[in-house]
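The residues making up each chain are set out below.
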Amino acid sequence: MENILLNVKNYIAYVTLNRAEAMNAFNYDTLCELANVVESLRTNSEVRVVVFGGTGEKAFSVGADLKERKTLPEQDVRRNVYKIGEVFAAVEKLPQPTIAAMNGYAFGGGMELALSCDFRIAVSDAVMGLTETSLAIIPGAGGTQRLPRLIGEAKAMELILTAKRMTAEEAYKYGVVTKVVERDSFIDEVEDLANRILSNGPIAVQQAKFAIKNGMNADLQTGLEIERKAYEITIPTEDRVEALQAFAEKRKPNFKGK
């Protein structure tokens, strides 16, 4: 792979868009590589948290590669739009918690990748937005659906229809990003969140994410049933027994994801 870097360390997978010269824009090859990486992570027991980032200090991702897009016939444009939507849906469905480490510009598809993640941490000088209407198109990789669910219909309508470019602080006030940090402590803050998640039972973390994600799109009674079934999966695990034993012995539990 050339356009996507993958590094797994201490149960954290770092997935990095590696096209700094193009502001980490998504051409078709990049989307295909990202799809393969995401699929490989889905069943990797050595990965408990996934961090998505971009190379360089300028951009997380500015979205679709417009230089490539300009050369494509309509059929290939449709192919690319389908592919990017498919890949970001796969990101959203990863069982592991996901963090978008927004190290710079995040526009269009770059913003939509971030919205596909569970958490978004942005550097204080980042600028972001769903700016597609300024190019006479609309967000096509989940932006019109995920943003309203995150911050509400009216605010999402404002941001999308005006193609607003937000500062990191504005994005935080809108509820788009989880946290804004200074660049010199950026990676430490991202890894602090990842490690706080990692300190808990891996199976429980994944089942809690499953219950939340699936319950949000259901009525309350269905959501409660989803929660109950997710809970039942944790009951026969070794980690649950270990947690009770560690509590009794006044020590930190040693979770193994079993």
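What comes next concerns the included structure. These numbers were taken from a predicted model, which means no experiment stands behind them. Throughout this document, residue positions are counted from 1 along each chain, in the order its sequence is written. Whole-chain, interface and lining totals are the exception, using all residues; otherwise, since this is a predicted model, local features are given only for residues with pLDDT of at least 70 and side-chain atom pairs are given and counted only at 80 or more. Water and hydrogen atoms play no part in the side-chain values, which are based on all heavy atoms of the structure.

**A closer look at the packing of helix α9 (residues 202-215) against helix α10 (residues 220-234)**
Then, in step 1: Between α9 and α10, the least distance of the axes is 9 Å, while the angle of their chain directions is 170°. Taken together, α9 and α10 sit at an angle that is classed as roughly antiparallel. Seen from α9, the contacting residues are I203, A204, Q207, F210, A211, N214 and G215; seen from α10, they are G223, I226, E227, A230, I233 and T234.
Then, in step 2: The residue classification treats Ala, Val, Leu, Ile, Met, Phe, Trp, Tyr, Cys and Pro as nonpolar and Asp, Glu, Lys and Arg as charged. All others, Gly included, are polar. Grouping the constituent residues of the contact of α9 with α10 by class yields seven nonpolar, five polar and one charged. The convention used is that axes are lines fitted to C-alpha atoms, helices contributing only their stretch in contact, and that angles between N-to-C directions extend from 0 to 180 degrees. Counting from the N terminus, the helices are the DSSP runs of H or I reaching at least four residues and the strands are the DSSP runs of E reaching at least two. The labels follow the angle: roughly parallel below 35 degrees, roughly antiparallel above 145, roughly perpendicular from 65 to 115, and oblique for the rest. The contact criterion used is simple: two residues touch if any of their non-hydrogen atoms lie within 4.5 Å.

**Comments concerning the packing of aromatic side chains**
The description of an aromatic ring pair uses the distance of the two centres, along with the angle that the planes make with each other.
Then, in step 1: The pairing test for Phe, Tyr and Trp rings, Trp by its six-membered ring, is centres within 6.5 Å, and the orientation test on the planes gives stacked under 30 degrees, edge-to-face over 60, and tilted for anything in between. Evaluation of the coordinates by the stated rule reveals two aromatic pairs.
Then, in step 2: Geometrically, the ring pair formed by F26 and F88 is edge-to-face, given 5.6 Å between the ring centres and 70° between the ring planes. Within this pair, whereas F26 is found in the loop between β2 (12-17) and α1 (28-42), its partner F88 is found in helix α3 (residues 74-92), the two being separated by 62 residues in sequence. Like F26, the residue F88 is buried in the burial classification.
Then, in step 3: Aromatic side chains Y105 and F107 sit 5.7 Å apart centroid to centroid with 20° between the ring planes, which places their arrangement in the stacked category.
Then, in step 4: The rule is simple: take the accessible area with a 1.4 Å probe, protein chains only, and divide by the maximum for that residue type; under 20% is buried, over 50% is exposed, in between is partly exposed. The partly exposed category is assigned to Y105, whose relative accessible area is 34%.

**Re the sheet that holds strand β5 (residues 98-102)**
Then, in step 1: For two strands to count as paired, DSSP must find a minimum of two bridges between them. Ordered by their spatial adjacency, six strands build an open sheet running β1-β2-β3-β5-β7-β10, and the pairing between neighbours is mixed. Lying at the two open borders of the sheet, with one neighbouring strand each, are β1 (4-9) and β10 (179-181). The sheet shows a mean angle of 20° between the axes of neighbouring strands, direction not considered.

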